[in-house]
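Here's the letter readout for the chains.
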Amino acid sequence: MSPRQITVLGECVADAFTRPADAPDELNLHVLPGGGPANTAVALARLGTPSRFLARLSGDVFGRLFRSRLEASGVDLSHTVVASEPSTLAVAELDTQGQAAYSFHAQNTADWQWASAELADVDLSENVCLHTGSLALVREPGARAVEEFLATAAPRTTISLDPNVRPLLVRPEVYRAHLNRWCGLADILRLSEEDLKLLLPETPLARACDVLHSAGARLVVLTRGADGALVSLDGERAHVPAVTTQVVDTVGAGDSFTAGLLHNLGTRGLLGGRLTGLRLHEVVEACLFAAQVAALTCSVAGPNPPWQSQLPQFASTEHA
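Residue positions are counted from 1 within each chain, in the order its sequence is given. It should be noted that, the model being predicted, local features are given only for residues of pLDDT at least 70 and side-chain atom pairs only at 80 or more, the latter also being counted only at that level, while totals for whole chains, interfaces and linings use all residues. Side-chain descriptors were evaluated using all non-hydrogen atoms of the structure, hydrogens and water having been removed beforehand.

**A look at the overall build of the protein**
Argument step 1. Each helix is a run of H or I in the DSSP string that is no shorter than four residues. Each strand is a run of E no shorter than two, and both are numbered from the N terminus. A tally of helices and strands in the protein yields 9 helices and 14 strands.
Argument step 2. For a compact globule the rule gives 2.2 Å times the number of residues to the power 0.38, and the radius of gyration it is set against comes from C-alpha atoms. Against the 2.2 N^0.38 benchmark of 20 Å for 320 residues, the protein shows a C-alpha radius of gyration of 18 Å, consistent with a compact globule.
Argument step 3. Referenced to the eigenvectors of the C-alpha coordinate spread, the extents of the protein come out at roughly 60 × 45 × 40 Å.
Argument step 4. Categorising residues by exposure relies on relative accessible area from a 1.4 Å probe, with only protein chains included: less than 20% of the type maximum marks a residue as buried, more than 50% marks it as exposed, and the intermediate range marks it as partly exposed. Per-residue burial over the protein gives 56% buried out of 320 residues.
Argument step 5. For the protein, the proportion of contacts with a sequence separation of at least 24, taken over those separated by at least 6, is 72%.
Argument step 6. Split by element, the accessible area of the protein, about 13,200 Å² in all, is 52% carbon and sulfur. The contact definition used throughout considers only heavy atoms, calling two residues in contact when any of these lie within 4.5 Å. For the accessible areas, the method is Shrake-Rupley and the probe is 1.4 Å, while residue cover comes only from the protein chains on display.

Encoded structure:
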């Protein structure tokens, strides 16, 4: 079965990585196009899923970089908004394990200025899943328009959310105030273990899954880095191991995991509604594939997800 379209809504971010400079009073930055939703849209398209990205793209130098990467990856940009505001910039410092710590330059940037009218004419009739998350869900003034769009779309398509908590930009209590409402909209909730610690502090993993289920999310996938992933479908749980790889950095790994999960489910015809027929073994199979995609992303620098042609050894995990 050929995959049908998945639409991704959210931000693009210029990820600037620090590099050694020639002089002690200088700083070199290596800029890569990123942003959680944009990374997910790129990864979906590269894996072979028709991917459409709803974004507000600035006309500045970073916006042109975003557009070039998205188009080169095969992402449909027909519903992007040409924004007058500047692009969002994140400066990342990598530790010895390849983990990134960010500082953000995001005041009044293009990504957060959504108006309801900009989303009103988006046609989801050929769409099986709408994925969003990260800062677009909480940064005002656009967050309200994004949430309204999700509520309108929910009866017609599978809703996937990734909170991707950024406490440097938005206080964790703001995310917590929205969490129950997001779970009421979401069919799939993918979050990292770090996200969970901020959203439901001091809550054991199994209990946290139950809390999210009771708020409405049917499928909860908790990614835990080298410890793999915990899958919980209506409280029925399984562990999915991580794939061993030589880690260059972990930037974009969670976004690639989400894309691998949605791609695999979509290719097998398991997206498009409330997931009422979904079974745990099907989710585990999709997460095993997603772990391979994430591992390949970790093996290269920056948020650079693999192309379908780089996955021949994993082809047996997919159903054409």
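**Some points on the packing of helix 4 (residues 143-153) against helix 5 (residues 172-185)**
Argument step 1. Interaxial angle, 0 to 180 degrees, is taken between N-to-C directions of lines fitted to C-alpha atoms, where a helix line uses only the stretch in contact. Two numbers describe how helix 4 lies on helix 5: the axes approach to 10 Å, and their chain directions differ by 30°. The angle between helix 4 and helix 5 places the two elements in the roughly parallel class. Contacts between helix 4 and helix 5 pair Glu-147, Leu-150 and Ala-151 from the former with His-178, Arg-181, Trp-182 and Leu-185 from the latter.
Argument step 2. Three classes are used: nonpolar for Ala, Val, Leu, Ile, Met, Phe, Trp, Tyr, Cys and Pro, charged for Asp, Glu, Lys and Arg, and polar for all others, with Gly counted as polar. Of the residues assigned to the contact of helix 4 with helix 5, the class counts are 4 nonpolar, 1 polar and 2 charged. Any angle from 65 to 115 degrees is called roughly perpendicular, while one under 35 is roughly parallel, one over 145 is roughly antiparallel, and all others are oblique.

**Some details on the pattern of salt bridges**
Argument step 1. What counts as a salt bridge is simple: a side-chain nitrogen of Lys or Arg found within 4 Å of a carboxyl oxygen of Asp or Glu. Summed over all chains, the structure comprises 10 salt bridges.
Argument step 2. Close ionic contact of Glu-118 with Arg-56 constitutes a salt bridge, the shortest N to O distance being 3.1 Å. Of this pair, Glu-118 sits in helix 3 (residues 116-119) while Arg-56 sits in strand 5 (residues 56-58), and the two are 62 residues apart along the sequence.
Argument step 3. Among the salt bridges present, the one from Glu-147 reaches Arg-181, with a minimum N-O distance of 2.4 Å. Of the two residues, Glu-147 sits in helix 4 while Arg-181 sits in helix 5, which places them 34 residues apart along the sequence.
Argument step 4. Under the relative-accessibility criterion, Glu-147 is labelled buried at 13%.
Argument step 5. Residues joined by salt bridges that share partners form a network here, namely Arg-56, Glu-85 and Glu-118.

**Some points on the packing of aromatic side chains**
Argument step 1. Stacked, tilted and edge-to-face pairs are distinguished by plane angle, under 30 degrees for stacked and over 60 for edge-to-face with tilted covering the rest, among Phe, Tyr and Trp rings (Trp via its six-membered ring) whose centres lie within 6.5 Å. For the structure on display, the rule yields 1 aromatic pair.
Argument step 2. Ring centres of Tyr-175 and Trp-182 lie 6.2 Å apart, and the angle between their planes is 80°; on these two criteria the pair is classed as edge-to-face.
Argument step 3. Taking the relative accessible area as the measure of exposure, Trp-182 reaches 1% and is therefore buried.

**Regarding the environment of Asp-187**
Argument step 1. Note that Asp-187 resides in the loop between helix 5 and strand 11 (188-192).
Argument step 2. You can call Asp-187 buried: its relative accessible area is 5%.
Argument step 3. Considered as a pair, Asp-187 and Cys-129 are 58 residues apart in the sequence and their alpha carbons are 9.7 Å apart.
Argument step 4. Within the local environment of Asp-187, its side chain forms a polar contact with the side chain of Arg-274, the two groups lying 2.7 Å apart. Counting of polar contacts relies on pairs of N or O atoms within 3.5 Å, with two restrictions inside protein: one atom must be capable of donating a hydrogen and the other of accepting it, and residues adjacent in sequence are counted only when both atoms are side-chain atoms.

These figures come from the coordinates and say nothing about function on their own.
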